[in-house]
Amino acid sequence: MNIAPDIYYVGVNDHEIDLFEGQYEVPNGMAYNSYVVKDYKIAVMDTVDARFGHEWLDNVAAATGGVAPDYLIVQHMEPDHSANIVNFLKAYPNATVVSSQKAFAMMKNYFGKEFEDRRIVVGEGDTLPLGKHVLHFVAAPMVHWPEVIVTYDAYAKTLFSADGFGKFGALDQEEDWACEARRYYFGIVGKYGAQVQALLKKAAALDIQTICPLHGPVLTENLSYYLGLYNIWSSYGVESEGIMIAYTSVYGHTKAAVLSLAEKFKERGCPKVVVCDLAREDMAEAVEDAFRYGKLVLATTTYNADIFPFMRTFIEHLVERGYQNRTIALIENGSWAPLAAKVMKGMFEHSKNITFAEPVVRITSALNDASKAALNDLADELCKDYLALQDSTANKSDFKALFNIGYGLYVVTSNDGKKDNGLIVNTVSQVTSSPNRVAVTINKQNYSHHVIKQTGKMNVNCLSVDAPFSVFEDFGFRSGRTVDKFKGIDVYRSDNGLVILPKYINSVMSLAVESYVDLGTHGMFICSVTEARVIGDQETMTYTYYQKNVKPKPQTDGKKGYVCKVCGYVYEGDTLPEDFVCPLCKHGAADFEPIK
């Protein structure tokens, strides 16, 4: 199967397997991917599982037309990709193995030798010319083993991504990519979010049109969708708005409380409620959903002075994979000495950015008036942002929203008559309180300045400290003149018809422009407040917090050159061209500073 210029798929489908890595159910089988790059020299990218050696070698021979390959590229040493290295070298005795130093050390563990007489050791920045195709190697340690490299073919604009962007399921099965890719990611790669983020940053500087993973389909269209999901997953961001309830129940009383709470969430406008019985549902599916949503309710019984075993296992899976940036609510049931909430909370003591919702609901055997009231209070607490976003339940005159103005960071939304737009600003201030007036200053070069001067209206969305760096990439690094920043996003709207960000904000204010002050490079809009909503009680994102906690730290150790002050991109070289434009945030040379 030809998948890119001179690149052929030679992988296999496995429908015999029931558990991948001995634990993950794969009802639709598994694909072990391998590729051939045909040029003046021929390279084979990785092997397949041991059980499919003959089928794979047949595929290789068919793709090469019987011509012996020159190289075997080994990107990852897990046996489902490396088991046929020896068989390949027996079939092609003149071929050379190309891999990282750590991979060759692992080959000795598996095969008893490191192939010193027929190998090329490669690492970050090394290349292998095949002809017009030149393979560029990128180190990807702990994505998700330490020896991993990924490979970029600049001629075909193709990234061979090892286990990155993989999914469960054979290639001859039709199924949703995101569902099984998400389960695969959080089950297998999820612990290594920081390492995946580092790799994504390297990938951002490449022109990629095709992604060839070692599991799952080759990706050729809408790559921004897949890259965007990987960015959310690896930064432990919230992918979908909603609440997950994970529970165990011995005699049905905890289950009754959970089902009641789920209905209360729906009544209060929660867009998605997922209920999971941990004793009966696939644990990997449960872990996937816990990372997908921003709010998690854990409900279980006290069991042997601890918690029910399935709940303990579930929490252990979350903590092991770096569960963070979430709100967790606790429900405990105990007939004489409830301890479940204390135990569950203690299991997250080393997790980052976990907020525990109040109240903790305590059930003594079965629901009574007190525990029913606590469920109502918990539903109100977890759904207060949904209530504030809905027209029917929002308090549109909650001028406490003005208290969230500081030297912070905001997304100003507007509409040019054809599409919605959003812009990051850090100059919003209240100028009068009777009537309430706000000043917003915007650079004249920004498209939003032009739109707001024409329309006379805007919304100011006050970002909260849970906003990930992707928000600043979306609204700060791209121009609304050429990009639809809200394409494919379900949004809320205020009475003036403009967008309210669906998450990562604590307040929003609708503004009507009363006057304009020309400040040279910038324009100041003096506005009246026509609508104000408090969405949540998270702290406002300040510029200082962004610099210290959100903006990626540039990797400048041992490097000589310049670093972008906006996004941290590093340009290596003695001189920065005057017309250089940052490939990440699109800011010019003026926003770079020398590496010290």
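The structure displayed is predicted, hence computed values, not measured ones.

Right, let's get into the overall build of the protein chain. Across its full length, the protein chain carries 16 helices and 35 strands. Expected size for 596 residues packed as a compact globule is a radius of gyration near 25 Å; at 27 Å, the protein chain falls within 12% of this value. Seen through its C-alpha atoms, the protein chain measures out along the principal axes to roughly 85 × 70 × 40 Å. Buried positions account for 53% of the 596 residues belonging to the protein chain. At a minimum sequence separation of 6, the contacts of the protein chain that also span at least 24 residues come to 68%. Here the protein chain displays about 25900 Å² of accessible surface, and carbon together with sulfur accounts for 50% of that area. With 57 positive and 72 negative side-chain charges, the protein chain shows a spacing of 5 Å between the two charge centroids.

Before going further, it helps to examine the nonpolar core. Counting 92 residues, the largest nonpolar core has Phe-20, Met-244, Leu-298 and Phe-314 as its most contacted members. Here this core takes 8 residues from helix α5 (residues 177-189), the largest share from any one element. The residues contacting Met-244, other than those within four sequence positions of it, are Val-274, Cys-276, Ala-286, Asp-289, Ala-290, Tyr-293, Lys-295, Leu-296, Val-297 and Phe-314. Core analysis: the second largest hydrophobic core is formed by 34 residues, Leu-389, Leu-463, Phe-469 and Ile-535 among them.

Attention now moves to the sheet that holds strand β7 (residues 35-38). Strand order in the open sheet formed by 7 strands is β1-β2-β7-β8-β9-β10-β11, and the pairing between neighbours is mixed. Lying at the two open borders of the sheet, with one neighbouring strand each, are β1 (2-4) and β11 (119-121). Along the sheet, successive strands turn relative to each other by an average axial angle of 25°, direction set aside. In the sheet, β7 pairs with strand β8 (residues 42-45) via 4 bridges, with the strands oriented antiparallel. Residue pairing in the sheet places Val-36 in a bridge with Val-44 of β8. Contacting β10 (96-99) and β11, helix α4 (residues 101-111) crosses the sheet at an angle of about 120° to β10.

This model, assessed by the stated rule, comprises 34 salt bridges. Between Glu-263 and Lys-266 there is a salt bridge, and its shortest N-O distance comes to 3.5 Å. Pair noted here: Glu-263 and Lys-266 are both in helix α8 (residues 253-267), with a separation of 3 residues, about one helical turn. Taking relative accessible area as the criterion, Lys-266 reaches 46% and is therefore assigned partly exposed. In this structure, Asp-474 and Arg-478 form a salt bridge, with 4.0 Å as the shortest nitrogen-oxygen distance. Within the structure, one salt-bridge network assembled from shared partners comprises Asp-391, Lys-396, Asp-495, Glu-531 and Arg-533.

Further remarks concern the pairing of β10. Looking down a regular strand, the side chains alternate between one sheet face and the other. In β10, alternate side chains face the same way, and those of Thr-96 and Val-98 on one face and Val-97 and Ser-99 on the other are all buried. One ladder, built from 3 bridges, connects strand β9 (residues 71-73) with β10; its direction is parallel. When the bridges of β10 are listed, Ile-73 appears paired with Val-98. Examined bridge by bridge, β10 and β11 share 3 bridges and lie parallel to one another. The partner of Val-97 across the bridge, within β11, is Arg-119. Considered for its hand, the β-α-β crossover made up of β10, α4 and β11 is right-handed.

Bringing the environment of Pro-271 into the picture now. Looking at the secondary structure, you find Pro-271 in the loop between α8 and β18 (273-277). A relative accessible area of 46% places Pro-271 in the partly exposed class. Separated by 29 residues in sequence, Pro-271 and Gly-242 have C-alpha atoms that sit 5.6 Å apart.

Now for the environment of Glu-147. Its place among the elements puts Glu-147 in the loop between β13 (134-139) and β14 (149-153). Taking the C-alpha atoms as reference points, Glu-147 and Ser-99, 48 residues apart in sequence, are found 8.6 Å from one another. Apart from the residues lying within four places of it in its own chain, the contact partners of Glu-147 are Gln-75, His-76, Met-77, Glu-78, Ser-100, Lys-102, Ala-103 and Met-106. A distance of 2.7 Å separates the side chain of Glu-147 from the backbone nitrogen of Met-77, its partner in a polar contact.

What counts and what doesn't
- Residues numbered from 1 in each chain as written.
- Predicted model: local features only at pLDDT ≥ 70, side-chain atom pairs only at ≥ 80, totals over all residues.
- Heavy atoms only, no water.
- Helix = DSSP H or I, 4+ residues; strand = E, 2+ residues; numbered from the N terminus.
- Rg over C-alpha atoms; globule rule 2.2 N^0.38 Å.
- Buried < 20%, exposed > 50% of the residue type's maximum accessible area, 1.4 Å probe, protein only.
- Contact = heavy atoms within 4.5 Å.
- Areas by Shrake-Rupley, 256 points an atom, 1.4 Å probe, with all protein chains shown as cover.
- Lys, Arg positive; Asp, Glu negative; His and termini not counted.
- Charge placed at Lys NZ, Arg CZ, Asp CG, Glu CD.
- Core = buried A, V, L, I, M, F, W, Y, C linked by side-chain atoms within 4.5 Å.
- Pairing = 2+ DSSP bridges.
- Axes fitted to C-alpha atoms, helices over the stretch in contact; angles between N-to-C directions.
- Salt bridge = Lys/Arg side-chain N within 4 Å of Asp/Glu carboxyl O.
- Right-handed = clockwise from strand over helix to strand, strands pointing away.
- Polar contact = N/O pair within 3.5 Å; in protein donor to acceptor, adjacent residues only side chain to side chain.

Limitation: the analysis is restricted to geometry and does not speak to function.
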